[in-house]
Amino acid sequence: MAENGGSVVNGLNIGEFREAVKTVAEQDGSRHAPKKARVQWMGGFTFSALTRNHTFVIDEPAHLTGEDEAPNSMEYVLGAYGACLATGFVLNASLQGVSIRNLELALDATQDNVFTFLGLGGDEHSGFSSINAKLFVQAEADAETLQRIWEKTIETSPVGNSLVHNVVINPALDVIP
């Protein structure tokens, strides 16, 4: 038991988590979980992204004349999806009192036609055409329970839902003299 009387499962204090969610849910607009990011060009194909109080670098691989100092944008999307699935699985398992001993996700993806983005033409889009995500897990639950947790995780993943549902994108340009 944790100090506040809530149980701790997989390193998460369930009582504190439920209380935090309750507090957030009481805030106007919190249902929509607004996010912000800024991306600044660092030269060549290297960029720095800032979100909340975190920064990370984006770069292209050397075979595309990048410096290969960091993942490219699509690799971040794939990694973000994997991290979202891992987070969701740990959350859903913990809320059901299922202890996890080990968890890892393996993801691979293909793009429909990256040549469209690279200016070599094509009618296809340049985004992902398929993503495979496989969860490897050791936990204190039977396979049926873990399958239900996995299915709920897939169904509720914010990143997964952003990938499979149409997202309204409102691009704008501000030319600075």
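Just above, that's the structure.
Starting afresh in each chain, residues are numbered from 1 along the sequence in its written order. Totals for whole chains, interfaces and linings use every residue, but because this is a predicted model, local features are given only for residues with pLDDT of at least 70 and side-chain atom pairs only at 80 or more, for both listing and counting. As a rule here, side-chain values come from all non-hydrogen atoms in the structure, and water together with hydrogens is ignored.

Novice: Any chance you could explain the overall build of the protein chain here in plain terms?
Specialist: Counting from the N terminus, the helices are the DSSP runs of H or I reaching at least four residues and the strands are the DSSP runs of E reaching at least two. Along the protein chain, the regular secondary structure elements total 5 helices and 7 strands. Written out in order from the N terminus, the α and β elements of the protein chain read β-β-α-β-β-β-α-β-α-β-α-α. For 177 residues, the compact-globule estimate of 2.2 N^0.38 gives 16 Å, and the protein chain exceeds it by more than 25% at 20 Å. If one aligns the C-alpha atoms of the protein chain with their principal axes, the spans along those axes are about 60 × 40 × 30 Å. Should any heavy atoms of two residues lie within 4.5 Å, those residues are counted as being in contact. Restricting to contacts in the protein chain with at least 6 residues of sequence separation, those with at least 24 account for 46%. As presented, the protein chain carries roughly 13,100 Å² of accessible surface, and 55% of it is formed by carbon and sulfur atoms. Only four residue types enter the tally: Lys and Arg on the positive side, Asp and Glu on the negative side, with His and both chain ends excluded. Charged side chains are reduced to one point each, which is NZ for Lys, CZ for Arg, CG for Asp and CD for Glu. Averaging the positions of the 11 positive and the 22 negative side-chain charges in the protein chain gives two centres separated by 11 Å. Computation of the radius of gyration draws on C-alpha atoms, with the globule rule given as 2.2 Å multiplied by the number of residues to the power 0.38. Here the accessible surface of atoms and residues is derived via Shrake-Rupley with a 1.4 Å probe, and residues count as covered only by protein chains that are part of the display.

Novice: What exactly am I supposed to notice about the packing of helix H2 (residues 73-95) against helix H4 (residues 143-156) here?
Specialist: Helix-helix packing: each pair is described by the crossing angle between the helix axes and the interaxial distance. Here the axes come from fitting lines to C-alpha atoms, over the contacting stretch only for helices, and the angles between their N-to-C directions go from 0 to 180 degrees. Between H2 and H4, the least distance of the axes is 9 Å, while the angle of their chain directions is 130°. When the interaxial angle is binned, H2 and H4 end up oblique. Handedness of the H2/H4 crossing: right-handed. Between H2 and H4, the residues in contact are Tyr81, Leu85, Gly88, Phe89, Asn92 and Ala93 and Leu146, Ile149, Trp150, Lys152, Thr153, Ile154 and Thr156, respectively. All amino acids are sorted into three groups, where Ala, Val, Leu, Ile, Met, Phe, Trp, Tyr, Cys and Pro are nonpolar, Asp, Glu, Lys and Arg are charged, and the leftover types, Gly among them, are polar. Along the lines of polarity and charge, the residues of the contact of H2 with H4 split into 8 nonpolar, 4 polar and 1 charged. Any angle between 65 and 115 degrees counts as roughly perpendicular, while under 35 counts as roughly parallel, over 145 as roughly antiparallel, and the rest as oblique. Crossing handedness: left-handed means the near helix sits turned counterclockwise from the far one by under a right angle, and right-handed means the same turn made clockwise.

Novice: Explain the pairing of strand S5 (residues 54-58) to me, please; I cannot follow it from the model alone.
Specialist: Side-chain positions along a regular strand alternate between the two faces of the sheet. Where strand S4 (residues 46-51) and S5 come together, 5 bridges link them in antiparallel fashion. What sits directly across from Ser48, in S5, is Val57. Here S4 hands over to S5 after 2 residues, with Arg52 in that stretch at a positive phi of 50°. DSSP calls a pair of strands paired once it identifies at least 2 bridges connecting them.

Novice: Help me out: how do you make sense of the nonpolar core in this one?
Specialist: General note: in soluble globular proteins, nonpolar side chains tend to be found buried as a group. Among buried residues, those of type Ala, Val, Leu, Ile, Met, Phe, Trp, Tyr and Cys that are joined through side-chain atoms within 4.5 Å constitute a nonpolar core. In this scheme, a residue with accessible area under 20% of its type's maximum is buried, one over 50% is exposed, and one in between is partly exposed, where area comes from a 1.4 Å probe on protein chains only. Core analysis: the largest hydrophobic core is formed by 13 residues, its most contacted members being Phe89, Ala93, Val98, Leu105 and Trp150. Put simply, the parts of the chain that give this core at least two residues each are H2, strand S6 (100-111), strand S7 (128-139) and H4. Top contributing element to this core by residue count: H2, with 5 residues. Here Leu105 is in contact with Gly82, Leu85, Ala86, Lys134, Leu135 and Trp150, once residues within four sequence places are set aside.

Novice: Looking at this structure, how should I read the side chain of Asn13?
Specialist: When you line up the elements, Asn13 lands in strand S2 (residues 12-13). Under the rule applied, a polar contact is a pair of N or O atoms within 3.5 Å (in protein, one hydrogen donor and one hydrogen acceptor; residues adjacent in sequence only if both atoms are side-chain atoms). A distance of 3.1 Å separates a polar side-chain atom of Asn13 from the backbone nitrogen of Gly15.

Novice: Would you take a moment to explain the packing of helix H1 (residues 14-25) against H2 for this structure?
Specialist: Relative orientation of the contacting elements H1 and H2 amounts to 110°, with a least axis distance of 11 Å. As the angle between them shows, H1 and H2 are arranged roughly perpendicular. The handedness of the crossing between H1 and H2 comes out as left-handed. The segment H1 lies against H2, with Ile14, Phe17 and Arg18 engaging Leu91, Ser94 and Leu95. Taken together, the residues of the contact of H1 with H2 sort by class into 4 nonpolar, 1 polar and 1 charged.

Novice: What is the right way to read the packing of aromatic side chains from this model?
Specialist: By convention here, two paired aromatic rings are described through the distance between centres and the angle between planes. Any Phe, Tyr or Trp ring, taking Trp's six-membered ring, that has another such ring centre within 6.5 Å forms a pair; planes under 30 degrees apart are called stacked, those over 60 apart edge-to-face, and the others tilted. Inspection of every chain in the model, using the stated rule, returns 2 aromatic pairs. Geometrically, the ring pair formed by Phe56 and Tyr76 is tilted, given 4.8 Å between the ring centres and 50° between the ring planes. In this pair, Phe56 sits in strand S5 while Tyr76 sits in helix H2, placing the two residues 20 residues apart along the sequence.

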